[in-house]
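Okay, here's what each chain looks like letter by letter:
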Amino acid sequence: MPRRALVVEDDPDIVELLVHYLSADGWTVDALSDGRRALERARAGGHQLVILDLQLPGMDGLTLCTELRREAATRDLPVVMLTARGDEADRIVGLEMGADDYVVKPFSPKELVARVRALFRRMERKPEARETLTFGALRMDRTRHTVHWAEREVQLTAKEFALLAALLEADGRVLSRQALLEDVWGYSYAEGTRTVDVHVRRLREKLPELAPSILTVKSLGYRLASPVQS
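Quick notes on the rules
Residues numbered from 1 in each chain as written. Predicted model: local features only at pLDDT ≥ 70, side-chain atom pairs only at ≥ 80, totals over all residues. Heavy atoms only, no water. Salt bridge = Lys/Arg side-chain N within 4 Å of Asp/Glu carboxyl O. Helix = DSSP H or I, 4+ residues; strand = E, 2+ residues; numbered from the N terminus. Buried < 20%, exposed > 50% of the residue type's maximum accessible area, 1.4 Å probe, protein only. Axes fitted to C-alpha atoms, helices over the stretch in contact; angles between N-to-C directions. Parallel < 35°, antiparallel > 145°, perpendicular 65-115°, else oblique. Left-handed = near helix turned anticlockwise from the far one by under 90°. Contact = heavy atoms within 4.5 Å. Pairing = 2+ DSSP bridges. Right-handed = clockwise from strand over helix to strand, strands pointing away.

## Digging into the pattern of salt bridges
With the rule as written, the count across this model stands at 17 salt bridges. Here Glu67 makes a salt bridge to Arg70, at a shortest N to O gap of 2.4 Å. Taken together, the residues Glu67 and Arg70, both in helix α3 (residues 61-70) and three residues apart, mark about one turn of the helix. A relative accessible area of 19% means that Glu67 is categorised as buried. Residue class for Arg70 comes out exposed when judged on its relative accessible area of 53%. Glu160 is the salt-bridge partner of Lys206, the closest N and O atoms lying 2.7 Å from each other. Residue Lys206 is found in helix α8 (residues 193-206), and its partner Glu160 is found in helix α6 (residues 158-170); the two are separated by 46 residues along the sequence. Residues participating in the shared-partner salt-bridge network are Arg4, Asp30 and Arg41.

## Section: the packing of α6 against helix α7 (residues 177-185)
Running from N to C, α6 and α7 point in directions that differ by 125°, and their axes come no closer than 10 Å. In this view, α6 runs oblique relative to α7, as classed from their interaxial angle. Considering only the axes of α6 and α7, their crossing is right-handed. Taken together, the residues of α7 that come into contact with α6 (itself represented by Lys159, Ala162, Leu163 and Ala166) are Leu180, Asp183, Val184 and Trp185.

## Some words on the sheet that holds strand β3 (residues 49-52)
Backbone-to-backbone hydrogen bonds pair the strands of a sheet. The strands run either parallel or antiparallel. With parallel pairing, the five strands of this open sheet are ordered in space as β2-β1-β3-β4-β5. Edge strands, defined here as strands with exactly one partner in the open sheet, are β2 (27-32) and β5 (101-104). For this sheet the average axis-to-axis angle between neighbouring strands, irrespective of direction, equals 20°. Bridge analysis of strand β4 (residues 79-83) against β5 gives four bridges, and the strand direction is parallel. Bridging from a neighbouring strand, Thr83 pairs with Val104 of β5. Where helix α1 (residues 12-24) meets the sheet, it contacts β1 (3-8), β2, β3 and β4, and its direction lies at approximately 165° from that of β2.

## Some details on the sheet that holds strand β9 (residues 152-153)
The strand order across the open sheet built from four strands is β6-β7-β8-β9, with neighbouring strands paired in antiparallel fashion. In the strand order of this sheet, the two ends are held by β6 (132-135) and β9, each with one partner. Where strand β8 (residues 146-149) meets β9, two bridges bridge the pair, whose relative direction is antiparallel. Across the sheet, Trp149 pairs through a bridge with Arg152, a residue of β9. This element, α6, spans β6, β7 (138-141) and β8 of the sheet and lies at about 115° to β7.

## Here's the deal with the pairing of β1
By the bridge criterion, six bridges tie β1 to β2 in an arrangement that is parallel. Across the sheet, the residue bridging to Val7 is Ala31, located in β2. In the classification by handedness, the crossover that spans β1, the intervening α1 and the parallel β2 is right-handed. Bridge analysis of β1 against β3 gives four bridges, and the strand direction is parallel. Its bridge partner being in β3, Ala5 is matched across the sheet by Leu49.

## Observations concerning the packing of α7 against α8
In a pair of packed helices, the angle between the axes and the distance between the axes together describe the arrangement. Running from amino to carboxyl end, α7 crosses α8 at an angle of 80°, the nearest separation of the two axes being 9 Å. With respect to each other, α7 and α8 are oriented roughly perpendicular. Facing α7, whose interface residues are Arg177, Gln178, Leu180, Leu181 and Trp185, α8 presents Thr193, Thr195, Val196, Asp197 and His199.

Okay, here's the thing in structure tokens:
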């Protein structure tokens, strides 16, 4: 069954470009120009990807992304932001709002499709031999895609889940930002390591009990270590 993408963009030329390249890559594409209508469509289900402009009538893209991440039915829906706002501060805000990637206009449609492919390669990677990963009171179940700290269930996006799994599997080894970017996101691109930092910050916020054990190794990356090792 073809995957279905929801393109939320009010520029008809860009919509036409995206529909052409995504369709050629096997996607069925729905397009809307209004943020509020797009939220209603996403809530109805049936989409595996959202490509989202920020400046939209009805509801802006950042608000729409926040709403998608807030609701259980759309929490794990991959979101790629596509916008003319290319400053680092704008990128950080977009990632902190829950975007899985951030593409700046003008953009290469071929690169965007490559990023989407990489995103889904990582999401569809078969579970490793260890289906359950633990660290103190933390328990990750790969099969059920759940994370618990003691009895509390922790809601993570697909990228946050993959990032946490990489840290757990490293068993205390330092993982460079570049290695994490390539392993979790499946590709490398300019300024991409900032994406890793943003997602690590979100992991620490969602798992405050684990935060002291997610150590920043200056100029290198991150490692997961028990408090007595830090």
